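# Structural overview for review
Spelled out, the chains give:
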Amino acid sequence: MSDIVAERRAALTRRSLAPYFLLLPGLTWLGVFYVWPTIQMFFISLQEGSLATGYHLTWHWQTYGDVFTKYDTQLLRSVTYGLIVTGACLLIGYPLAYFIAVRGGRWKNALLFMVILPFFVSYVIRTLSWKFVLADQGMFLGALKNAGLLPDDFRLLATPIAVLSGLTYSFLPFMALPLYASLEKLDRSLLEAAGDLYASRRKAFLKVTLPLSLPGVFAGSLLTFIPVVGDFINAQLLGSTNTTMIGNVIQRRMLVNNDYPEGAAISFILMLAILIGVLVYARLLGTEELTG
Amino acid sequence: MSEPDRYQRAVQRALRRRMSRRDLLRYTGRGVGAFGAGALLAACGVEGQDTAPRRSPGAASPSPSPLPPKAGVVNVANWPLYIDLEDGQSATLDKFKQATGIDINYKEDIGDNDEFFGTDLQQQIQAGQATEWDIIVMTDWMIDKLIQLGWLEPLHHDVLPNVTANLDAKFNDPWYDPGNGFSVPYAAGITGIGYNKKLTGRPITSIADLFDTEFAGQVGMFSEMRDTYNFALLLMGKDPTTATLADIEAATETLRQQRDDGIVRAYYGNDYTDQLAGGNLALTMAWSGDVNYLALDNPDLAFVVPDEGGNRWTDNLAIPLRAEHPTDAHAWIDFVYDVEVATGITEWVWYESPVAGVQQQIQEDAQEDPSLEPVAESDLVWPTPEILEKTHSYKRLSLEEEEAWHELFDPLIQG
């Protein structure tokens with residue numbers, strides 16, 4: 001008898017430990033390539049020194065205040081761009097995802113594939129090709145100028161519009177896919193029920209579809225907003241001085257000026273700003289799936 | 001090879017050059033990876049070991065330690081398209097292997113002086129380690145900085161007979177490395193103005209044209225600090241090589257005015273070339289060799305050394321501190337100073353060679369191969385004394401000065 005009990009107990013222990021073993025590869029990966037470097041970066045941000053003397057840990061918290069005042073413009077600009085792009089992606093991505101989920105029919109997979117298609121080409125190459133598309137005398141602006149619809153000195157490259165458009169294009173799939181996932185599993189009989197209760201189609205959308213797709217909106221917004229705020233490629237390739245984002249500043253501090261403490265400090269301020277923003281957003285939107 | 005083919009190839013090279021030099025290196029795998037790796041390495045406790053004594057500018061070269069025996073291998077880092085390397089094949093590299101029996105690992109890994117310094121030199125040398133490289137090719141001001149930091153191995157000129165015999169007197173004893181104690185020139189060029197005749201509607205002759213509101217939104221400036229400051233200083237009538245911090249403050253104001261008036265379209269790295277070629281820029285700061293290439297494709301493009309003056313720069317071969325195969329590195333340096341070898345490289349690269357006799361050799365070759373005429377006779381490849389008269393080098397900056405300049409320059413280009 002007792003043998004059976006012991007065996008069952010052992011089996012139970014094995015079973016309850018199994019999930020943790022499954023976590024191990026992921027956790028190790030995260031620990032080695034994220035947590036450890038982050039801790040190191042934190043200490044770097046508190047170092048002082050120069051290339052000539054080397055950098056020494058002096059717990060110099062002052063750097064945080066310094067970079068915040070020095071780069072507040074670029075920080076604010078990045079957050080603003082993040083909000084604008086997230087909004088634009090939502091406006092474009094929602095109807096897109098809705099159409100594919102609801103009306104896609106047998107074309108559903110083909111349409112989804114088209115959303116993902118750009119990922120088959122390197123992000124940098126795609127952004128570079130925007131330079132050709134938006135060129136002053138390119139196929140797009142050139143044609144409009146020849147038709148007399150635009151003044152000759154009109155340009156999009158090296159302006160905020162080009163950067164915002166590039167960002168919106170690059171990150172649209174990150175918004176569209178989660179939206180699709182949440183719209184796709186929407187129970188259509190709920191809409192029929194709403195109709196039975198004399199809800200107009202508009203009302204049914206606002207009362208049923210939209211609330212049920214909020215987890216998708218939430219996930220899509222995060223997946224778009226966070227990388228956009230930290231992006232530096234679009235601003236570098238499509239922008240000019242007045243579109244410098246915080247990622248460009250970090251890149252230049254780190255790689256051109258070899259000022260690691262400042263670069264690290266800006267990174268942490270950015271991380272903190274995003275974290276606070278996300279928490280506030282989660283509280284406001286309060287979707288159960290994500291906040292528990 | 002027929003003539004059109006030759007031109008075609010040159011243009012393709014130019015296209016590859018402008019893609020590869022910065023854009024690809026910086027933004028694709030390597031750039032991003034290096035970013036991460038640099039941070040990680042920095043994290044691993046590089047707490048500023050002062051590994052080498054700093055030398056004040058102009059200090060006498062120390063006597064080098066004796067060379068070890070030949071190792072049979074050498075690791076060379078250079079800029080893309082700076083040697084006759086095509087589809088993994090290079091006559092020059094093959095010849096070197098044959099002549100010396102040394103295996104050469106040649107990588108086109110340098111896309112930017114500062115970035116290469118940050119990713120490939122700084123962490124390793126400060127940590128007291130050898131870098132990956134036995135030979136690096138860096139621009140004059142970076143050589144100056146590396147010498148100040150004590151991060152280059154002194155050269156053994158006694159094992160460099162070709163250098164002694166063939167180094168053109170013009171390149172002897174340069175400002176950034178008196179006596180060539182740590183470096184020898186590899187190629188040289190000029191920073192001037194590249195412009196599109198059709199878009200400007202008139203010949204461009206001066207730096208003042210870059211500040212003309214007539215061209216608002218069509219002017220390109222460089223994100224390379226020294227080049228851009230030199231131009232502002234020349235415009236103000238100052239000698240760039242003796243600029244004070246007050247001069248730089250005034251220059252920053254001038255540049256800020258130019259930017260805020262909407263004249264500057266953007267501050268470019270190597271990517272200015274596609275903007276010039278694509279008609280987005282009417283005129284821009286430019287490197288001589290680039291415009292040389294682009295003009296083959298588009299005859300409206302021209303390069304000019306402005307009346308106020310231009311910048312003269314030299315890229316140099318050097319051996320980083322603690323290099324693992326210094327003897328083999330010397331063999332490579334001496335090899336590329338052979339007139340025949342240097343001619344082969346220059347006929348492909350189209351930048352001025354510091355090896356005496358190369359131009360004559362190319363002129364002779366051009367008798368048989370007319371497609372070499374542009375490189376044999378071009379004033380841009382072989383600047384005349386009148387042109388050189390107008391050019392200036394960069395100021396020697398102490399590390400502290402460089403930092404102070406950056407504090408003024410960075411907010412300008414990253415507003």
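Residues numbered from 1 in each chain as written. Chains lettered and ligands numbered in written order. Predicted model: local features only at pLDDT ≥ 70, side-chain atom pairs only at ≥ 80, totals over all residues. Heavy atoms only, no water.

## Some details on the overall build of chain A
Helices and strands together make up the secondary structure of chain A, namely 13 helices and two strands. In terms of its C-alpha atoms, chain A occupies a principal-axis envelope of roughly 80 × 60 × 35 Å. With 292 residues in all, chain A has 44% of them scored as buried. Intrachain contacts of chain A at a sequence separation of at least 6 include 68% that bridge at least 24 residues. With an accessible surface of roughly 16300 Å², chain A has 69% of that area assigned to carbon and sulfur atoms. Of the side-chain charges in chain A, 22 are positive and 17 negative, and the distance between the mean point of each set is 7 Å. (Helix = DSSP H or I, 4+ residues; strand = E, 2+ residues; numbered from the N terminus. Buried < 20%, exposed > 50% of the residue type's maximum accessible area, 1.4 Å probe, protein only. Contact = heavy atoms within 4.5 Å. Areas by Shrake-Rupley, 256 points an atom, 1.4 Å probe, with all protein chains shown as cover. Lys, Arg positive; Asp, Glu negative; His and termini not counted. Charge placed at Lys NZ, Arg CZ, Asp CG, Glu CD.)

## What about the packing of helix 8 (residues 188–196) of chain A against helix 9 (residues 201–230) of chain A?
Two measures define how a pair of helices packs: the angle their axes make with one another and the distance between the axes. Residue and element names in this part refer to chain A. Helix 9 packs onto helix 8 with a crossing angle of 160° between their chain directions and a minimal axis gap of 10 Å. It follows that helix 8 is roughly antiparallel to helix 9 by the angle criterion. Between helix 8 and helix 9 the crossing geometry is right-handed. When helix 8 is examined against helix 9, the residues Leu190, Leu191 and Ala194 are found in contact with a partner set consisting of Ala204, Val208, Thr209 and Leu212. Split by residue class, the contact of helix 8 with helix 9 holds six nonpolar, one polar and no charged. (Axes fitted to C-alpha atoms, helices over the stretch in contact; angles between N-to-C directions. Parallel < 35°, antiparallel > 145°, perpendicular 65-115°, else oblique. Left-handed = near helix turned anticlockwise from the far one by under 90°. Nonpolar A, V, L, I, M, F, W, Y, C, P; charged D, E, K, R; others polar.)

## A look at the side chain of glutamine 123 of chain B
Within the fold, glutamine 123 of chain B resides in helix 4 (residues 113–126). We classify glutamine 123 of chain B as buried; its relative accessible area is 5%. A polar contact of 3.0 Å, which involves the side chain of glutamine 123 of chain B, links it to the side chain of tyrosine 260 of chain A. (Polar contact = N/O pair within 3.5 Å; in protein donor to acceptor, adjacent residues only side chain to side chain.)

## Regarding the packing of aromatic side chains
Applying the stated rule across the entire model yields 29 aromatic pairs over all chains. When the ring of phenylalanine 42 of chain A is compared with that of phenylalanine 268 of chain A, the centres are 5.6 Å apart and the planes differ by 70°; the resulting orientation is edge-to-face. Taken together, the positions of phenylalanine 42 of chain A in helix 1 (residues 2–45) and phenylalanine 268 of chain A in helix 12 (residues 260–285) put the pair 226 residues apart, joining distant regions of the chain. Taken together, a centroid distance of 4.4 Å and an interplanar angle of 40° make the contact between phenylalanine 222 of chain B and tryptophan 287 of chain B tilted. Here phenylalanine 222 of chain B, found in strand 5 (residues 219–222), pairs with tryptophan 287 of chain B, found in strand 7 (residues 283–287); they are 65 residues apart in sequence, far enough to count as distant. (Phe/Tyr/Trp six-rings, centres within 6.5 Å; stacked < 30°, edge-to-face > 60°.)

These results come straight from atomic positions and should not be treated as a statement about function.
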